[in-house]
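Residue-level structure breakdown
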2 protein chains.
Amino acid sequence: METNTGIIENNKTQMRRGVLEYSILLILAAGDEYASSIIQKLKEVNIIVAEGTTYPLLIRLKKLGLLNYRWEESTQGPPRKYYMITDLGREQLAGLDAAWDELAKGIDTIRKGSKA
Amino acid sequence: METNTGIIENNKTQMRRGVLEYSILLILAAGDEYASSIIQKLKEVNIIVAEGTTYPLLIRLKKLGLLNYRWEESTQGPPRKYYMITDLGREQLAGLDAAWDELAKGIDTIRKGSKA
DNA sequence: TTGAATACCTTGCAATACAAGGTACTGAAA
DNA sequence: TTTCAGTACCTTGTATTGCAAGGTATTCAA
């Protein structure tokens, strides 16, 4: 049982990895968010991601010019770093939309083939 | 232009990565294939994968018990190693089908949110 | 002043995709 | 018979990157 679960879990993780940047850009395209709220939103659609993954990723996307951020005070804890998508980010997002569509279409095609 | 292409290309690659094992299992669920023909079939649906990725992956899946293989002579070159999916492989594939559906659904949900 | 909740970030390990380079078999051309 | 092109297999080394674990800092309430 251990083994079975391991293989599947591992693969689910891998699948998520591929779309992480994409889904973060999608979320930020809908509105500014801070890291913890992004993680929360992803969890809500069953895309589980760790802090140790998210923070470096946001920093990377910022460095690439796809995101920017601003600090905002919070009444319930430390200040929050709100990330927002840039124009370049939106451009890239359009490309990722297309990439996702293509991938989903590809998988669909193979899937149909295996159901013959 | 270089930068833009780089970001997108990089992401497309990452997306593909996540579904590689899944798509290979799907292909083999439809019939036995050898490495080169698997690569070819993936290319046909725009999932580009290198030899250096595929061979180690097939060996890994064999070790995990999801695949087996048999040698078969070819009239146009060296013998071919035909891989076939095992019962365990089919079990795992069912799990990956579910994982893919869940991921696709998740992305779809986020996508709708960003179009508000 | 202590503790819980929230939020930020870094370090080190492990997994793995892939470019590049290598081996080996077949059949045809030189 | 040697050479070359085509096909097919595989390995090595590098770079990327997800994540568990550990760390810092702020707020508020007890």
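Per chain, residues are indexed from 1 in the order of the written sequence. Following the order in which they are written, the chains are lettered starting with A and the ligands numbered starting with 1. With the structure being a predicted model, the display of local features is reserved for residues of pLDDT at least 70 and the display and counting of side-chain atom pairs for 80 or more, all residues being used for whole-chain, interface and lining totals. Each side-chain value is worked out from all heavy atoms of the structure, with water and hydrogens disregarded.

This next bit is on the sheet that holds strand S2 (residues 67-72) of chain B. Residue and element names in this part refer to chain B. Two strands pair if DSSP finds at least two bridges between them. Helix and strand definitions follow DSSP, with helices as H or I runs of at least four residues and strands as E runs of at least two, each counted in order from the N terminus. In spatial order, the strands read S1-S3-S2; together these 3 strands make up an open sheet with antiparallel pairing. Of all strands in the sheet, those bounded by a partner on one side alone are strand S1 (33-34) and S2. Both S2 and strand S3 (residues 80-85) contribute to a ladder of 6 bridges, which runs antiparallel. Note on S3: the bridge partner recorded for Arg-70 is Tyr-82. Helix-sheet contacts for helix H3 (residues 51-63) involve S2 and S3, and the interaxial angle to S2 is about 120°. Contact between two residues is taken to exist if any of their heavy atoms lie within 4.5 Å; hydrogens are not considered. Note on geometry: axes are lines fitted to C-alpha atoms, helical ones only across the stretch in contact, with angles between N-to-C directions running from 0 to 180 degrees.

This part covers the interface of chain A and chain B. Interfaces are often sized by the amount of accessible area the parts lose when they come together. Taken residue by residue, the interface counts 43 residues in chain A and 43 residues in chain B. Ranking the residues of chain A by area buried against chain B places Met-15, Ile-110 and Arg-111 of chain A at the top, with a combined share of 17%. Residue Arg-111 of chain B pairs with Asp-101 of chain A through a salt bridge whose shortest N-O separation is 3.0 Å. Polar contact criterion, stated in full: a pair of N or O atoms within 3.5 Å, where within protein one must be able to donate a hydrogen and the other to accept it, and residues adjacent in sequence count only if both atoms are side-chain atoms. At the boundary of chain A and chain B, one finds 8 residue pairs in polar contact (both at pLDDT 80 or more). In terms of residue class, the side of chain A that touches chain B is made up of 22 nonpolar, 12 polar and 9 charged. Note: buried area is the sum, over both parts, of the accessible area (probe 1.4 Å) each one loses when the two are combined. The working definition used for a salt bridge is a side-chain nitrogen of Lys or Arg within 4 Å of a carboxyl oxygen of Asp or Glu. Gly falls in the polar group here, along with every residue not listed as nonpolar (Ala, Val, Leu, Ile, Met, Phe, Trp, Tyr, Cys, Pro) or charged (Asp, Glu, Lys, Arg).

Another aspect to go through is the protein's contact with DNA strand C. Throughout, the term near means that a residue has one or more heavy atoms lying within 4 Å of the molecule or strand in question. Neighbouring DNA strand C are 23 residues, the closest being Tyr-34, Tyr-55, Arg-80 and Lys-81 of chain A together with Thr-53 of chain B. Of all atoms in DNA strand C that approach within 4 Å of the protein, 74% are sugar or phosphate atoms. Here Arg-80 of chain A contributes a side-chain N or O atom positioned 2.5 Å from a phosphate oxygen of DNA strand C. Between DNA strand C and the protein, one listed contact pairs a phosphate oxygen with a side-chain N or O atom of Thr-53 of chain B at 2.6 Å. The element contributing the most residues to the surface near DNA strand C is helix H3 (residues 51-63) of chain A, with 4 residues.

Right, let's get into the nonpolar core. Ranked by internal contacts, the top residues of the largest apolar core, which has 65 residues, are Leu-42 of chain A together with Leu-42 of chain B. Here this core gets 12 residues from one element, more than from any other, and that element is helix H1 (residues 2-30) of chain A. Beyond its immediate sequence surroundings of up to four residues, Leu-42 of chain B is in contact with Ile-110 of chain A together with Leu-20, Ser-23, Ile-24, Ile-27, Ile-47 and Val-49 of chain B. Here the nonpolar core consists of buried residues drawn from Ala, Val, Leu, Ile, Met, Phe, Trp, Tyr and Cys, with membership extended through side-chain atoms lying within 4.5 Å. Three labels apply to residues, based on accessible area from a 1.4 Å probe with only protein chains included: buried if under 20% of the type maximum, exposed if over 50%, partly exposed otherwise in between.

Bringing the protein's contact with DNA strand D into the picture now. What surrounds DNA strand D is a group of 26 residues, the closest being Thr-53 of chain A together with Tyr-34, Tyr-55, Arg-80 and Lys-81 of chain B. Sugar plus phosphate: this is where 73% of the atoms of DNA strand D within 4 Å of the protein reside. Interatomic distance of 2.7 Å between a side-chain N/O atom of Tyr-34 of chain B and a phosphate oxygen of DNA strand D. Residue contributions to the surface near DNA strand D peak at 5 residues, all from H3 of chain B. Class assignment of the residues belonging to the surface near DNA strand D gives a composition of 10 nonpolar, 11 polar and 5 charged.

Glancing now at the relation of the copies chain A and chain B. The fit set for superposing copies consists of C-alpha atoms from residues with pLDDT of at least 70 in both; the fit itself is least squares. Mapping chain A onto chain B calls for a screw motion: a turn of 180° about the axis and a shift of 0.0 Å along it, with 0.0 Å RMSD after fitting. Interpreted geometrically, this transformation is the action of a two-fold axis. Taking C-alpha positions as the reference, the residue of chain A nearest the rotation axis is Gly-18 of chain A, at 2.6 Å.

Moving on: the pattern of salt bridges. All names here are of chain A. Per the counting criterion, the structure on display carries 14 salt bridges over all chains. Among the salt bridges present, the one from Glu-21 reaches Arg-60, with a minimum N-O distance of 3.5 Å. Of this pair, Glu-21 sits in helix H1 while Arg-60 is found in helix H3, placing the two residues 39 residues apart along the sequence. Under the relative-accessibility criterion, Glu-21 is labelled buried at 7%.

For the rest of this paragraph, the subject is the sheet that holds strand S3 (residues 80-85) of chain A. The antiparallel open sheet is built from 3 strands, whose spatial order is S1-S3-S2 (chain A). Sheet topology places strand S1 (33-34) and strand S2 (67-72) of chain A at the edges, where each strand pairs with a single neighbour.

For any two helices packed against each other, the geometry comes down to the angle between their axes and how far apart the axes lie. Remark: helix H4 (residues 87-113) of chain A packs on helix H4 (residues 87-113) of chain B, axes separated minimally by 12 Å, with the N-to-C direction vectors making an angle of 150°. When the axis of H4 of chain A is compared with that of H4 of chain B, the two are roughly antiparallel. Of the two elements, H4 of chain A crosses H4 of chain B, and the hand of that crossing is left-handed. Of H4 of chain B, the residues touching H4 of chain A (which contributes Asp-97, Trp-100, Asp-101, Leu-103, Ala-104, Ile-107 and Arg-111 of chain A) are Asp-97, Trp-100, Asp-101, Leu-103, Ala-104, Ile-107 and Arg-111 of chain B. Taken together, the residues of the contact of H4 of chain A with H4 of chain B sort by class into 8 nonpolar, no polar and 6 charged. Roughly parallel means an angle under 35 degrees; roughly antiparallel, over 145; roughly perpendicular, 65 to 115; everything else is oblique. For any helix crossing, the convention is left-handed if the near helix is rotated counterclockwise from the far helix by under a right angle, and right-handed if that rotation is clockwise.

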